[in-house]
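Observations on the model geometry
Below are the chains, spelled out letter by letter.
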Amino acid sequence: MQIIRNRRIYDVAIIGSGAGGGMAAKVLTEAGADVVMLEAGPMWDPVKDSYMFRWNYDSPRRGAAIPTQQFGEYDAAFGGWTLDGEPYTTAAGDDFFWFRSRMLGGRTNHWGRISLRFGPDDFQRKSIDGLGDNWPITYEDMKPWYDETDRLIGIFGTNLPFRNEPDGIFLPPPKPRCYELLIQQASEKLGVPCVPSRLSILTRPHNGRAACHYCGQCNRGCATHSNFSSPSVLIPPAMKTGRLTIVANAMAREVTVDENGLASGVSYIDKNTVRDNHVRARIVVLAASACETARILLNSKSPKFPQGLANSTGIVGKYLTDSTGTGVTGFIPKMMDNHPHNEDGTGGAHLYMPWWIDNRKLDFPRGYHIEIGGGRRMPGAGFLGNIHAYTGVEASGTPIAFGGYGASLKRDYRRVYGSTVSFAGRGEMIPNPDSWMEIDPRVVDKWGIPVPRFHFKWSDYEIKQAKHMQETFRAIIHEMGGTPLSPMPTAQQNYDLAPGGRIIHEIGVVRMGNDPNTSALNKYCQAHDAKTVFVADGAPFVSQPDKNCTWTILALAMRTANYIAEQRKAGAI
Ligand SMILES: Cc1cc2nc3c(=O)[nH]c(=O)nc-3n(C[C@H](O)[C@H](O)[C@H](O)COP(=O)(O)OP(=O)(O)OC[C@H]3O[C@@H](n4cnc5c(N)ncnc54)[C@H](O)[C@@H]3O)c2cc1C
Ligand code: SF4
């Protein structure tokens with residue numbers, strides 16, 4: 001195998017350009033480091049490449065999913081659950097799904113922008129209920145970095161009177177839509193608080209970026225840079241320093257080390273030429289998304305580190321978690337025959353429901369928050385596909401019966417358009433010994449790189465949580481006078497708890513801690529085994545609170561990158 005070796009030695013090589021990689025690049029280049037960023041996907045510019053202003057009917061497929069854009073052909077996620085030539089495997093009897101976006105900015109081009117800080121309890125849960133582990137850092141350690149992330153990126157929301165939902169530095173939230181107010185009325189009657197969302201979308205001009213003009217298409221990437229993505233917010237200032245070199249279509253294979261066990265660079269496949277390359281760097285930051293980062297470390301075997309890098313105690317790959325998730329959609333007859341009205345807004349819900357119950361009253365630990373949906377969104381492929389399932393009574397008292405053909409079907413579509421609401425829970429999983437990843441000894445991808453094999457099992461804790469979610473969502477739908485569009489799932493169906501990975505919050509496989517026997521990284525996300533190797537994505541997380549993970553990936557990556565900058569200045573690395 002001929003390897004093309006670059007002579008130049010960079011200060012830092014960053015693998016991945018998503019939330020973690022983008023933040024590390026911004027901080028490190030602004031601190032004076034020469035950085036090379038390896039990105040497995042192509043370059044992507046939201047201004048030129050976003051399909052934000054396309055109608056679904058512009059496409060013969062009406063915007064339906066295609067293999068390379070599995071959330072829809074106008075969506076800004078290049079990739080999905082399967083990637084051509086890049087398999088992964090799951091252990092017999094286990095289910096795990098691995099979502100990957102391959103493009104500059106990774107999944108930050110598409111993500112939901114739900115940007116929740118973890119709370120003080122979330123970092124120290126073991127001290128509260130004895131389960132899992134505490135983080136080696138507290139909320140107070142993270143608070144300045146969350147504050148700085150809020151200031152840099154911009155986030156709307158409100159401060160709340162709940163101890164474990166910390167205050168932020170918020171732009172004003174947008175007004176709730178009509179259906180959101182109806183949900184709020186019903187949920188609050190049941191004692192479930194429904195409050196303004198916290199989304200990283202600009203409701204005011206911020207740091208030179210325009211305010212959102214409420215087109216509602218955030219998942220297609222924002223051509224006006226009004227929401228957060230790495231290519232909108234983090235890559236441009238890093239480029240402006242003149243110290244960032246991006247190598248696109250560069251698939252990292254392994255981190256190389258010198259005879260002292262310090263990082264010497266990264267070997268990667270140039271996907272354009274399908275040749276092996278090597279880039280030299282004094283420090284390596286892995287931010288390829290949690291499971292890919294663990295894969296690269298496990299594949300980085302050398303005489304000094306025969307089990308892989310940062311893995312002398314065999315920890316890399318352990319403690320894999322995803323958020324719990326299940327959902328219900330309900331048909332609300334009183335919202336039928338609605339007057340067309342303005343529901344414009346951001347590409348996410350303007351209200352959500354944070355966790356509200358004291359666990360001592362429940363038969364499961366930890367909690368979940370509720371994401372809501374509904375309204376008159378742009379129709380696409382599959383629009384109102386199961387209209388025959390809508391049941392209830394007309395205002396006249398006659399039973400509702402929809403479906404059929406031609407003019408009557410079109411009339412029914414118009415009548416029910418915008419009369420459904422949906423609820424999705426996102427909750428905390430406790431790490432368990434049956435959920436982890438390793439390298440499959442027999443399978444390689446199309447470049448010959450060994451692939452991950454996943455093991456995944458939910459415990460009773462998460463299954464009981466899903467039951468509680470289902471009961472809560474159905475109670476709110478009934479309180480609104482509506483009917484759930486699906487029957488209550490059974491215990492045999494795990495109460496419709498989504499399989500591992502499906503919520504796309506997979507984290508925790510290279511975790512941080514004070515004890516090198518139970519963690520791969522120290523409290524600065526620096527490998528215990530190799531002081532010039534750092535991780536800046538979700539892999540270092542010790543637990544997966546009910547809050548979506550990305551705001552903490554960003555804040556932690558900012559903290560890690562600042563630490564690297566300080567250590568460089570002090571000559572310690
Ligand atoms: C549909 C959807 C909705 C979501 N909604 C939310 C939400 O509302 N709130 C929330 O907090 N989170 C949400 N997420 C999750 C969020 O997108 C991720 O947590 C976040 O993007 C993770 O950042 P990252 O830097 O770890 O990885 P990514 O953003 O995935 O970036 C990783 C980058 O590394 C590159 N890469 C991978 N392997 C290699 C390699 N070997 N060599 C070189 N480069 C490589 C990839 O191409 C990619 O660009 C959502 C995700 C999806 C898909
Ligand atoms: S809703 Fe706002 S932030 Fe989202 S894509 Fe449209 S303009 Fe951009």
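These numbers were taken from a predicted model, which means no experiment stands behind them.

On to the overall build of the chain, then. Across its full length, the chain carries 10 helices and 18 strands. When burial is assessed residue by residue, the chain has 60% of its 573 residues classed as buried. Taking the contacts inside the chain whose residues are at least 6 apart along the sequence as the reference set, 72% of them involve residues at least 24 apart. In the form shown here, the chain has an accessible surface area of approximately 22,700 Å², with 52% of it arising from carbon and sulfur atoms. The centroid of the 62 positive side-chain charges in the chain is displaced by 4 Å from the centroid of its 57 negative side-chain charges.

The sheet built from six strands is open, its strands ordered 6-12-13-14-11-17 with antiparallel pairing. Across the chains shown, the open sheet's two edge strands, defined by having one partner strand only, are strand 6 (195-196) and strand 17 (483-484). One ladder, built from two bridges, connects strand 6 with strand 12 (residues 351-353); its direction is antiparallel. Residue pairing across strands places Val-195 opposite Tyr-352, the latter belonging to strand 12.

What follows is about the packing of helix 1 (residues 19-30) against helix 10 (residues 550-569). Packing of helix 1 against helix 10 brings their axes to within 8 Å, and their N-to-C directions diverge by 35°. Helix 10 is crossed by helix 1, and the crossing has right-handed handedness. Taking contact as the criterion, the partners of Ala-19, Gly-20, Met-23, Ala-24, Val-27 and Leu-28 in helix 1 are, on helix 10, Thr-550, Ile-553, Leu-554, Ala-557, Met-558, Ala-561, Asn-562, Ile-564 and Ala-565. Its residues assigned to classes, the contact of helix 1 with helix 10 shows 12 nonpolar, three polar and no charged.

The final tally for this structure, using the stated rule, is three cavities of 30 Å³ or more. In this structure, the largest cavity is lined by 16 residues; those nearest its centre are Met-52, Cys-212, Cys-215, Cys-218 and Cys-222. Across the lining of the largest cavity, the residue classes tally to seven nonpolar, nine polar and no charged. By volume, the second largest cavity amounts to about 30 Å³. In terms of lining residues, the second largest cavity is bounded by Arg-125, Trp-355, Asn-359, Arg-366, Gly-367, Glu-428 and Asp-546.

Okay, the packing of aromatic side chains next. Under the definition given, this model contains 30 aromatic pairs. Ring centres 6.1 Å apart and planes at 80° place the aromatic pair Phe-118 and Trp-135 in the edge-to-face group. Taken together, the residues Phe-118 in the loop between strand 5 (100-101) and helix 3 (125-129) and Trp-135 in the loop between helix 3 and helix 4 (139-153) connect sequence positions 17 residues apart.

Our next topic: unusual backbone geometry. Not every positive phi belongs to a glycine, and His-225 is a case in point at roughly 60°. Inspection of the secondary structure puts His-225 in the loop between strand 6 and helix 6 (230-240). For Tyr-495, which is not glycine, the phi torsion reads 55° and is therefore positive. Examined against the element boundaries, Tyr-495 turns out to sit in the loop between strand 17 and strand 18 (533-535). Classification of Tyr-495 as buried rests on a relative accessible area of 14%.

Moving on to the layout of surface pockets. As a volume, the second largest pocket reaches approximately 410 Å³. Every residue lining the second largest pocket is counted, 17 residues in all, and those nearest its centre are Asp-121, Arg-125, Trp-355, Ile-357 and Asn-359.

All right, on to the nonpolar core then. With 106 residues, the main nonpolar core has Leu-28, Val-285 and Val-510 as its most contacted residues. If near-sequence neighbours (up to four positions away) are discounted, Leu-28 is found in contact with Val-12, Ile-14, Ala-33, Val-35, Val-285, Ala-561, Ile-564 and Ala-565. Formed by 25 residues, the second largest nonpolar core is a distinct cluster that contains Leu-182, Val-192, Trp-355 and Ile-477.

So, how was this worked out
Residues numbered from 1 in each chain as written. Chains lettered and ligands numbered in written order. Predicted model: local features only at pLDDT ≥ 70, side-chain atom pairs only at ≥ 80, totals over all residues. Heavy atoms only, no water. Helix = DSSP H or I, 4+ residues; strand = E, 2+ residues; numbered from the N terminus. Buried < 20%, exposed > 50% of the residue type's maximum accessible area, 1.4 Å probe, protein only. Contact = heavy atoms within 4.5 Å. Areas by Shrake-Rupley, 256 points an atom, 1.4 Å probe, with all protein chains shown as cover. Lys, Arg positive; Asp, Glu negative; His and termini not counted. Charge placed at Lys NZ, Arg CZ, Asp CG, Glu CD. Pairing = 2+ DSSP bridges. Axes fitted to C-alpha atoms, helices over the stretch in contact; angles between N-to-C directions. Left-handed = near helix turned anticlockwise from the far one by under 90°. Nonpolar A, V, L, I, M, F, W, Y, C, P; charged D, E, K, R; others polar. 1 Å grid on protein atoms, 1.4 Å probe; cavity = no way out; pocket = protein on both sides within 12 Å on 5 of 7 lines; lining within 4 Å. Points joined across faces, edges and corners; volume = space filled by probe spheres on them. Phe/Tyr/Trp six-rings, centres within 6.5 Å; stacked < 30°, edge-to-face > 60°. Core = buried A, V, L, I, M, F, W, Y, C linked by side-chain atoms within 4.5 Å.

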